[in-house]
Amino acid sequence: MRAVIVGLALLLSLTACAPTEAVPSGPVALTSEQSERLAVTRFRNFDAGVRAIEVTVPAETGELRLEGWFDYTGGAGYAAVTAAGEPAGLIWWTHEQVATRSIPVDVAPFPLPADGWESGALDPSSTALANAVALVASLGADRPENPQLLAQSDAAWLRSDTVDGTAVDVFLGPSGDSATSAPVDESLRARYWVDESGVLLRFELPQGSSGDGMTSLFTPATGIVIPLTVPGTP
Amino acid sequence: MVTRAARSSRVTVLSSAIVILGLLLAGCAATPGAEKRQLVEVPADAPTISAALDLVAPGGMVLVSAGTYTESVTVDVPDVTLRGTDRNAVIIDGEGLRANGVQVIADGVRVQNLTVVAHTFNGVLVTGMHNANGAQAHNLDGYEKLDPEEFPPLERFEVSGVTASNNGLYGIYAFNSRHGVIRDNYASGAADSGFYVGQCAECDILVTGNVAENNAIGYENANASDSVVIAGNRFSNNRVGLTLLSWYQEAYLPQKSATVVGNLITDNTSADSPAHALGAFGIGIGLSGANTNTLERNLIAGNPSTGVQVTNTEDLASTGNHLIDNALVDNGVDLADLSATRAPSTGTCLVGTIAARVLPAGFGTDCTAASPVSTAAALPELVVPPGVSFLRVTAGRPQPDFAGDSRALPERLPATVDMPDLGSFALPDRSLLADRAASR
């Protein structure tokens, strides 16, 4: 019986391919392998610890760029910010807090400057920048997600791509995604560029009517230690 | 020499031809009269464990030689034994990507003498809950309560001599299954628990001789009731040693009447472990919505938060749990009632049990009336070490190999478990199974 089923499946796939060369174009429901891989994407950030990030945020006053790191084990990020191509200062953040330093620098220095910081609670709804850093922080988890639930969700495969020469799949995140409170509308949902071992190389939230879009590139980082307390405080 | 080499290569060709023929026959496996085999060896007879399971007859054995197998294995043939020839060198590796190492969905299956590592969910999953999409069990979120009428329990199983390390949910997990034995296994680095028995009534399950260390929880028992016997295990050096609990996501509420005897539940302070999902740390035993369980002759010591913690599960109180002749020593608090006022515990009863520090005072001495209520604020405040990625928890030490003739086919598993004499499990000291543990 199994042989018959396999034969039938082959026949169906040949039939499907017959009229034109089938080039899948997304969104396509996840295979079980793809759902297992997408299920570990956030865990892979936690497993990696610190990852280097390059974030771009569209803004009316000119694009904001962040170059820095997020420590997914400790839960803190640190980056230099430019606005419309001009150095604007530094940002440090956790899941709950944010601190900014409005003294322009070309790159984020170590150790962190001891003075000049202003800190407060991180409110993602306050600014596009706050939203972007909160999104970066949300892309880690200390355990995998449930691949069966992902497979049953409206998460989907969009296309193959490369990021800096590495082959990736581009996935559409599910609606109701915990990172993004994603809408059902596919055009507004998060996209994940994920390599063969589940590592996230690029994340994109399309710009919607609320103007909260952002893109982040992820690369490996070594030897980076980000303090877990507000800079300038003991 | 040349002659011998030539002959041996001819033998290889011949045996390859037999293998190919065998595979071709296997392709027509469901055809009536097709030959299934009592013994299928990997890789000699089949290149993968999954391919071997297509060839093996019910009641037969798949014998796996040393090697790393990057496959997710589903055992769907009744009464089959899946056995490694070398526990420490037969490795089913999930590579941090695949969900389950071995999924058992047929009755009467044994899994023996091998290692399962780096799965995002379970090392070994034994479950009566399965459909065309494969094995299932409860999940972390989003699942409806599972219906045991639709999926009757799996009957008769044995998981023994298995090393389950660095798995993202449970090391060895029996769900919706009955009449089983979990014996002489080792589990470390699980992000939830090393061992888990869940959702069964009249379970008839024996958990004995196991070591769990460097897990978030050593052994977890949710909605598994009546004849569950947890005896002579080492659940030390996790974040939490052992839990008995009711859980609304699973059938057969509330949990009741398990027997926990002769176990070592000490020093659950591992920093080289994944974080507990709710941040728990330094706890020996947690009873949550747990009822009429017997805890006897266990050494519960060196747990800096609590030796035994009693609490409710939502509206389900913990009731009628008896602690008999245990040693509760050098814990932050030896025995604590943390039940909420909506579901106060009743009948927590200490008999012959040494417990110097009890919260609130007098708790456990009245075996009938409602216990007074305390709060978690009274427990020692601990610095909880950050969680470690389950893939990065240090591997354990090599574990002892299968003792018998590994090629000998075992008898069919019996209809019910041959339970040991519980009197044979004395109060242990810290040397219990210490030769198998990395942390001593």
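Residues numbered from 1 in each chain as written. Chains lettered and ligands numbered in written order. Predicted model: local features only at pLDDT ≥ 70, side-chain atom pairs only at ≥ 80, totals over all residues.

Chemist: Could you clarify how one ought to interpret the overall build of chain A in this entry?
Modeler: Along its length, chain A carries 5 helices and 12 strands. Out of the 234 residues belonging to chain A, those deemed buried represent 38%. Considering only contacts in chain A between residues 6 or more positions apart, those separated by 24 or more positions represent 52%. (Helix = DSSP H or I, 4+ residues; strand = E, 2+ residues; numbered from the N terminus. Buried ≥ 20, exposed ≤ 12 C-beta atoms within 10 Å, placed from the backbone. Contact = placed C-beta atoms within 7 Å.)

Chemist: Would you take a moment to explain the overall build of chain B for this structure?
Modeler: Within chain B one finds 2 helices and 36 strands. Counting only residues that meet the buried cut, chain B has 57% of its 440 residues in that class. Considering only contacts in chain B between residues 6 or more positions apart, those separated by 24 or more positions represent 67%.

Chemist: Mind showing me how you'd approach the sheet that holds strand β12 (residues 214–220) of chain A here?
Modeler: Strand-to-strand pairing in sheets goes through backbone hydrogen bonds, with the strands running parallel or antiparallel. All names here are of chain A. With antiparallel pairing, the 12 strands of this open sheet are ordered in space as β1-β8-β9-β10-β11-β12-β2-β3-β4-β5-β6-β7. Edge positions in the sheet fall to β1 (28–29) and β7 (118–121), since each of these pairs with one other strand and no more. Across 6 bridges, strand β2 (residues 50–57) lies against β12 in antiparallel orientation. Opposite Thr56, over in β12, you have Thr215 as the bridge partner. Where helix α3 (residues 41–48) meets the sheet, its contacts fall on β2, β10 (191–194) and β11 (200–205), and the angle it forms with β11 comes to roughly 125 degrees. (Pairing = 2+ DSSP bridges. Axes fitted to C-alpha atoms, helices over the stretch in contact; angles between N-to-C directions.)

Chemist: Would you take a moment to explain the nonpolar core for this structure?
Modeler: As a rule of thumb, soluble globular proteins bury nonpolar side chains together. Counting residues in each nonpolar core, the largest one holds 115 residues, and the members touching the most others are Val62, Val75, Val104, Val124, Ile172 and Ile205 of chain B. The two domains that each donate at least three residues to this core are domain 1 (50–188) and domain 2 (237–392) of chain B. If we skip the residues at most four places from it in the chain, Val124 of chain B touches Gly101, Val102, Val111, Val116, Val159, Val162, Ala164, Ile172 and Tyr173 of chain B. Grouped together as the second largest cluster of nonpolar side chains are 55 residues, Trp69, Trp92, Leu200 and Met214 of chain A included. (Core = buried A, V, L, I, M, F, W, Y, C linked by C-beta atoms within 7 Å. Domains from an automatic or database assignment.)

Chemist: Can you walk me through the pairing of strand β8 (residues 156–163) of chain A in this structure?
Modeler: Within a regular strand, the side chains alternate between the two sheet faces. Residue and element names in this part refer to chain A. Sheet analysis places β1 next to β8, joined by 2 bridges and oriented antiparallel. Paired with Val28 across the bridge in β8 is Trp157. Inspection of the sheet shows β8 paired to strand β9 (residues 166–172) by 7 bridges, in the antiparallel sense. Looking across to β9, one finds that Val163 is bridged to Thr166. Connecting β8 to the antiparallel partner β9 that follows it, the hairpin turn spans 2 residues, and Asp164 within it adopts a positive phi of roughly 50 degrees.

Chemist: How should the domain arrangement of chain B be read in this particular structure?
Modeler: Interface size is commonly expressed as the accessible surface area that is lost when the partners come together. When the domains of chain B are assigned, the result is domain 1 (50–188) and domain 2 (237–392). On a C-alpha basis, the centroid separation for the pair domain 1 of chain B and domain 2 of chain B is 29 Å.

Chemist: Explain unusual backbone geometry here, please?
Modeler: A negative phi angle is the norm for most residues apart from glycine, just as the trans form is the norm for most peptide bonds. The step from Phe110 of chain A to Pro111 of chain A runs through a cis peptide bond, and the omega angle for that step is -10 degrees. Within the secondary structure layout, Pro111 of chain A lies in the loop between β6 (97–101) and β7. Positive phi, normally seen in glycine, also occurs at Asp184 of chain B, with a value near 60 degrees. Assessed through the 23 C-beta atoms surrounding it within 10 Å, Asp184 of chain B is described here as buried. For Asn214 of chain B, which is not glycine, the phi dihedral falls at a positive 55 degrees.

Chemist: Any chance you could explain α3 of chain A here in plain terms?
Modeler: Along an α-helix, a turn takes 3.6 residues, which lines up residues three or four apart on a common side. Residues and elements named next belong to chain A. With 7 of 8 residues buried, α3 lies mostly within the body of the structure. All of the buried residues along α3 are Thr41, Arg42, Phe43, Arg44, Asn45, Phe46 and Asp47. The elements touched by buried residues of α3 are α2 (32–39), β2, β10 and β11. Immediately downstream of α3, the backbone of Gly49 shows phi near 80 degrees, a positive value.

Chemist: Explain the confidence of the model for chain A here, please?
Modeler: Predicted coordinates in areas of low pLDDT are best not read in detail. Residues and elements named next belong to chain A. Taken as a whole, chain A shows an average pLDDT of 86; of its residues, 85% reach a score of 70 or greater. Between the elements of chain A, mean pLDDT differs from a low of 33, seen in helix α1 (residues 2–17), to a high of 98, seen in strand β3 (residues 64–71). A low-confidence stretch, residues 1–21 (pLDDT under 50), is modelled with 7 contacts involving residues beyond four sequence positions or located in other chains. (pLDDT = per-residue confidence, 0-100.)

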